[in-house]
Amino acid sequence: SDSPFLYFCCRIICILMNTRLIIFDLDGTLLDTIDDLAAACNHALRQCGCPVRERDEYYMLVGRGISNLFRGALPEGMKTDEMVEKMRSQFLPYYNAHSADLTKPYEGIIPMLESLKSKGIALAVASNKFQAGTEALIERFFGDFDFVRILGQREGKPIKPDPAIVHEAMEGVPGIGLDEVVYCGDSDVDMMTGANAGVRTIGVKWGFRTENELMRHNPWLLVERPEEIAEAVS
């Protein structure tokens, strides 16, 4: 399933198909946010009287929404709704103040986005990060790019891998079809989201999760460098 010939064939098919919209996950795909997320969650844990987590533990804890992050970080016996809300009250002010202390785009992301923009391909973001945090980071790091939709976790909206967020992002390009959309992400949740939505998926190997995790969900394409995304839709 990981033969070079297979990926060569997939890339040729991608090139032949007209792509009008690429939707990106945020954390672990466009931005390396792990240090600031870990710092904010550990701050909340301390304020709640709980032991902190090691930085590398957060690679598996993030990506499934803020409440699931807190439940995963809290010690056994303390994963209650009340503790989740207490964590939220401590996490959000701290993260909002420190979300860009160490966060930065992965190498090659800006040129890749510029290349896609020059080809006339629309850009969108579909993240499980809370909406305000998603918007703030996109504005800070990618304010020069006209994303047609910037979507995060919002009250009353299902989180990924529910496909609704992909279909909502597609509303930013009138008349677009599923075969004209690509969803890019770094985790099993992202690959399932794209599959559930009925669009092509690209798994990125520079993010928070492993290549094996991505491969288990049969991505349309697996890439090692951001420029490969732009090449695949040229």
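One can find the structure itself at the top, above this paragraph.
It should be emphasised that the depicted structure is a prediction, and the values quoted were computed from it without experimental measurement.

Peer 1: Describe the packing of aromatic side chains, with residues and values.
Peer 2: Considering all chains together, one arrives at 5 aromatic pairs under this definition. Residues Phe70 and Phe91 carry aromatic rings whose centres are separated by 5.3 Å and whose planes lie at 65 degrees to one another, so their mutual orientation is edge-to-face. Taken together, the residues span a long stretch of sequence, with Phe70 in helix H4 (residues 66–73) and Phe91 in helix H5 (residues 81–98) at a distance of 21 residues. Phe70 gets classed as buried once you look at its relative accessible area, which sits at 0%. On the basis of relative accessibility, which here comes to 1%, the residue Phe91 falls in the buried class. Ring centres of Phe91 and Tyr95 lie 5.3 Å apart, and the angle between their planes is 15 degrees; this geometry places the pair in the stacked category. Of this pair, Phe91 and Tyr95 are both found in helix H5, 4 residues apart, which corresponds to roughly one turn of the helix. Judged by relative accessible area, which is 1%, Tyr95 ranks as buried. Aromatic rings pair up to connect Phe70, Phe91, Tyr95 and Phe130 into one cluster.

Peer 1: Can you explain the pairing of strand E4 (residues 122–130)? Please cite residues and give values.
Peer 2: In terms of burial, E4 is largely enclosed, as 9 of its 9 residues are buried. Of the strand pairs in this sheet, strand E1 (residues 21–24) and E4 are connected by 4 bridges, and their pairing is parallel. Within the sheet, the bridge partner assigned to Phe24 lies in E4 and is Val125. Here E4 pairs with strand E5 (residues 149–153) via 4 bridges, running parallel. Its bridge partner lying in E5, Ala124 is registered against Arg149. Assessed by its sense of winding, the connection that carries the chain from E4 through helix H7 (residues 131–142) to E5 is right-handed.

Peer 1: Can you lay out empty space enclosed by the protein for me, pointing to particular residues and giving the numbers?
Peer 2: Tallied over the entire structure, the rule returns 1 cavity of 30 Å³ or more. Estimated volume of the largest cavity: approximately 260 Å³. Taken together, 21 residues form the lining of the largest cavity, with Asp27, Val62, Gly63, Arg64 and Lys129 sitting closest to its centre. Of all elements in the fold, only H4 and E4 reach the threshold of two or more residues within the lining of the largest cavity. For the lining of the largest cavity, the element with the highest residue contribution is E4, accounting for 4 residues. Each residue belonging to the lining of the largest cavity can be placed in one class, and the counts come to 8 nonpolar, 5 polar and 8 charged.

Peer 1: Describe helix H9 (residues 188–197), and please don't skip the residues or the numbers.
Peer 2: An α-helix turns once per 3.6 residues; consequently, residues spaced three or four apart project the same way. H9 sits mainly inside the fold: 7 of its 10 residues count as buried. Check the buried side of H9 and you find it contacts E4, helix H8 (164–170), strand E6 (181–185), strand E7 (200–204) and helix H10 (211–215). The N-cap residue of H9 is Ser187: its side-chain oxygen and the backbone nitrogen of Val189 are 3.3 Å apart. One or two residues past the end of H9 sits Gly198, with phi positive at roughly 85 degrees.

Peer 1: Explain the environment of Ile138 residue by residue, including any values.
Peer 2: Within the secondary structure, Ile138 is located in helix H7. The class for Ile138 is buried, based on a relative accessible area of 3%. With 81 residues separating them in the primary sequence, Ile138 and Glu57 have C-alpha atoms 25 Å apart. Residues contacting Ile138, with those up to four places away along its chain left out, are Leu26, Leu30, Val125, Gly143, Phe147 and Ile150.

Peer 1: Describe the side chain of Asp25, with residues and values.
Peer 2: Inspection of the secondary structure assignment puts Asp25 in the loop between E1 and strand E2 (31–32). Its relative accessible area of 5% is what places Asp25 among the buried residues. A polar side-chain atom of Asp25 sits 2.9 Å from a polar atom in the side chain of Thr29. Beyond its immediate stretch of four places on either side in the chain, Asp25 contacts Leu30, Ala126, Ser127, Lys160, Tyr183, Cys184, Gly185, Asp186 and Asp190.

About the thresholds
- Residues numbered from 1 in each chain as written.
- Predicted model: local features only at pLDDT ≥ 70, side-chain atom pairs only at ≥ 80, totals over all residues.
- Heavy atoms only, no water.
- Phe/Tyr/Trp six-rings, centres within 6.5 Å; stacked < 30°, edge-to-face > 60°.
- Helix = DSSP H or I, 4+ residues; strand = E, 2+ residues; numbered from the N terminus.
- Buried < 20%, exposed > 50% of the residue type's maximum accessible area, 1.4 Å probe, protein only.
- Pairing = 2+ DSSP bridges.
- Right-handed = clockwise from strand over helix to strand, strands pointing away.
- 1 Å grid on protein atoms, 1.4 Å probe; cavity = no way out; pocket = protein on both sides within 12 Å on 5 of 7 lines; lining within 4 Å.
- Points joined across faces, edges and corners; volume = space filled by probe spheres on them.
- Nonpolar A, V, L, I, M, F, W, Y, C, P; charged D, E, K, R; others polar.
- Contact = heavy atoms within 4.5 Å.
- Polar contact = N/O pair within 3.5 Å; in protein donor to acceptor, adjacent residues only side chain to side chain.

Interpretation note: all reported values are geometric properties and have no functional meaning in isolation.
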